[in-house]
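The chain contents come next:
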Amino acid sequence: MTRLSGYLLPTEKEAPADAEALSHKLMVRAGLVRQLAAGMWTYLPAGWRVHRKAAQIVREEMDAIGGQEMLMPVLQPAELWQRSGRYEIDELFKLKDRREADLVLAMTHEEALTFHMAREVRSYRDLPMILYHMQVKERDEPRPRAGLLRTREFVMKDSYSFDRDLGGLERSYERHVTAYDRMFDRSGLEWYRVEADVGMMGGLGGHEYMAPCAAGEDDVALSDTGYAANVEVARATAAPVEGLPAPAAEPQPVDTPGATTIEGVSGLLEVPAGALIKALPVMRGDGTPLLVVVRGDHRLNEIKLQNALGGPTRLATEGEIRDVFSAPPGYIGPVRAEVPVLADEALMAMRGLIAGANEEGRHLRGVEPGRDFEAEWADIRTVEAGDTCPGGATIRIEPAIEIAHIFKLGTRYSDPLNARFLDEEGKERHIWMGSYGLGPARMAAAAVEQFGDEKGISWPRSISPFDLHLVTLGQEGEEAREVADRLYDELRSLGLEVLYDDRDAGAGEKFADAELLGCPLRLTVGRRGLEKGEIEAQVRRGREKRPLALEGAATAAAELWRELP
């Protein structure tokens, strides 16, 4: 029985003062969630219904590809994470028990499950296998924000595939791709699958599932040929620079007093920013210096740089620039540089460029990469709108929410945790693994972002907290109340989940709450409608209203509901 008169749905007229994302504002106002502390959220009954529905879609599709559900602890021995090399991750919660044993609160469960599989798998006959669970995850998020989009505690479905070899991993990965595609189709979201960086997880490669929306914290590069990649890893041919200076036989010094920025030099010399070489002095993790150069109108991509170098870097200090790079800040350049140079591939075929002269107040005109300086080459820039994708189409950039991330781990965890099996010839081999994560809460928040409007939420039918929102405008003892009571029972007998607003409240308050909560279909029973022998149905998305004949209204409403997205 879900009568609003006895249901915890504390709606609010105003959004929290710190709320910026639409999903943050509306999910609080609609009485779905409440904040306990920064990044810590409580799901109230209607909010938890949404979460459970999203999780059930995920569970059904995982079962369909042979996944076996289980459950692993959040609290884990630190030793496993030390062996995998992930213990030093800043976002990992670390603690000690009363015996001073080191423990962690898990962000993901690769270490735990690999530990078990190292003891349970003996033979190639035990593989392949897909195991998954839905469990709380903890993350020491430095900047929790945007409601459910960036939290410190959340529920995640993480599944893991275990195979004999790379070919087996590829097949398991494709099964997950099929399952995830179906999950998001069923959820009613707009989504796309994009190439992504493996980050702290490691491995051979991966994809993200993205839901486009203005509140998204990720940028995705897209084109009309179907190319889709997170800008962290996206590759594209740079748009050409118009108005480049003429090439020169050799670099020529030019005075540029006080011009220490791309904008300053570009304006002083009256050339486009793309004609400049942007030089970034960095220090590698081992303490060695490196001069990184990109086109003046491009941005260095730190993820690509780290992947190219196989480790992290940091910008050199002003003192290091003077002492190690032997150049004044603002005038550093690759010509006659005293340290190795790593150059972005977009510079490779360019001529007539301008670079720092490594002298105070001076730059060089007519610089040509390969002739005037030697460099290692790599794709280390961030793709920009207007570039050309590998398929030849123009790139556009859109913000999106990451709602899932899948990885080909290879032997990244089975090696340090010693998960092995005996093959057909009795030889010991490492298990090949995949990891596949998905957040039901992010599915819910993405739906609110994509389909919310000025009145409130507009849920897709599959994850709405209730199928229908039934409103009676009659008081106790009046015909409208009696008809609504009967209709409520008839709708429920048809298998529909109905939220019945039987409160002693005004019509305006009831309608405002119904639109705020955003169930796909609202039915209203009032005196005026009954005089015409009908009730009113309103489709939430678009707020289209239509009358339904009182006779057979429950069946007609069920049929209308099934037609909704």
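Note that the coordinates shown come from a computational prediction; the quantities given were computed from them, not determined experimentally. (Residues numbered from 1 in each chain as written. Predicted model: local features only at pLDDT ≥ 70, side-chain atom pairs only at ≥ 80, totals over all residues. Heavy atoms only, no water.)

## Some thoughts on the packing of aromatic side chains
- Taken as a whole and assessed by the stated rule, the structure comprises nine aromatic pairs.
- Ring geometry for Y180 and Y209: centres 5.5 Å apart, planes at 50°, overall tilted. Of this pair, Y180 sits in helix 5 (residues 166–187) while Y209 is found in strand 10 (residues 205–212), placing the two residues 29 residues apart along the sequence.
- When its relative accessible area of 0% is taken as the criterion, Y180 is described as buried.
- Using a relative accessible area of 0% as the deciding quantity, one classes Y209 as buried.
- Centroid distance W191 to Y209: 5.6 Å. Interplanar angle 40°. Geometry classified as tilted. Of this pair, W191 sits in the loop between helix 5 and strand 9 (192–196) while Y209 sits in strand 10, and the two are 18 residues apart along the sequence.
- The class of W191 is partly exposed, set by a relative accessible area of 22%.
- Through pairs of rings, three or more aromatic residues link up here, namely Y180, F184, W191 and Y209.
- Over the ring of W561 we find R461, and its NZ or CZ is 4.7 Å from the ring centre. (Phe/Tyr/Trp six-rings, centres within 6.5 Å; stacked < 30°, edge-to-face > 60°. Helix = DSSP H or I, 4+ residues; strand = E, 2+ residues; numbered from the N terminus. Buried < 20%, exposed > 50% of the residue type's maximum accessible area, 1.4 Å probe, protein only. Lys NZ or Arg CZ within 6 Å of the ring centre and 35° of its normal.)

## A closer look at the domain arrangement of the protein
- When the domains of the protein are assigned, the result is domain 1 (41–234 + 397–448), domain 2 (252–378) and domain 3 (461–562).
- For domain 2 and domain 3, the distance between their C-alpha centroids amounts to 66 Å. (Domains from an automatic or database assignment.)

## A few points about the packing of helix 2 (residues 45–64) against helix 5
- For the pair helix 2 and helix 5, interaxial distance at closest approach is 9 Å and the crossing angle is 150°. Our classification of the angle between helix 2 and helix 5 gives roughly antiparallel. Crossing hand, helix 2 versus helix 5: right-handed. Note on element contacts: helix 5 touches helix 2 through H176, A179, Y180, R182, M183, R186 and S187, opposite I57, V58, E60, E61, M62 and A64.
- Among the residues forming the contact of helix 2 with helix 5, the class breakdown is seven nonpolar, two polar and four charged. (Axes fitted to C-alpha atoms, helices over the stretch in contact; angles between N-to-C directions. Parallel < 35°, antiparallel > 145°, perpendicular 65-115°, else oblique. Left-handed = near helix turned anticlockwise from the far one by under 90°. Contact = heavy atoms within 4.5 Å. Nonpolar A, V, L, I, M, F, W, Y, C, P; charged D, E, K, R; others polar.)

## Section: the environment of L473
- With respect to the helices, strands and loops of the structure, L473 is situated in the loop between strand 25 (468–472) and helix 10 (479–493).
- Note on L473: relative accessible area 34%, which makes it partly exposed.
- Through-space distance from the C-alpha of L473 to that of E208 is 47 Å; in sequence the pair is 265 residues apart.
- Contacts of L473, omitting those with residues within four sequence positions, involve A507, F511, T524, V525 and G526.

## Some thoughts on the side chain of D163
- Here D163 is to be found in strand 8 (residues 153–163).
- Nearest to the buried, unbridged D163 among oppositely charged side chains is R175, at 4.8 Å.
- In this structure the side chain of D163 is engaged in a polar contact, spanning 2.7 Å, whose partner is the side chain of S172.
- The contacts of D163, once residues within four sequence positions are left out, are L127, P128, G168, L169, S172, F421, I431 and W432. (Lys, Arg positive; Asp, Glu negative; His and termini not counted. Salt bridge = Lys/Arg side-chain N within 4 Å of Asp/Glu carboxyl O. Polar contact = N/O pair within 3.5 Å; in protein donor to acceptor, adjacent residues only side chain to side chain.)

## So, the sheet that holds strand 26 (residues 498–501)
- Read across the sheet, five strands follow the order 26-25-27-28-29 without closing on themselves; strand pairing throughout is mixed. This sheet does not close on itself; its edge strands, each paired only once, are strand 26 and strand 29 (544–549). Each adjacent strand pair in this sheet contributes to an overall mean axis angle of 25°, direction not counted.
- As judged from the four bridges shared by strand 27 (residues 521–525) and strand 28 (residues 534–539), these two strands associate in the antiparallel manner. For L521, the partnering residue across the bridge sits in strand 28 and is V539.
- Against the sheet, helix 11 (residues 507–517) makes contact with strand 25, strand 26, strand 27 and strand 28, and its axis sits at roughly 175° relative to strand 25, the strand it touches most.
- Taken strand by strand, helix 13 (residues 553–562) contacts strand 25, strand 27, strand 28 and strand 29, and its axis lies near 145° from that of strand 29. (Pairing = 2+ DSSP bridges.)

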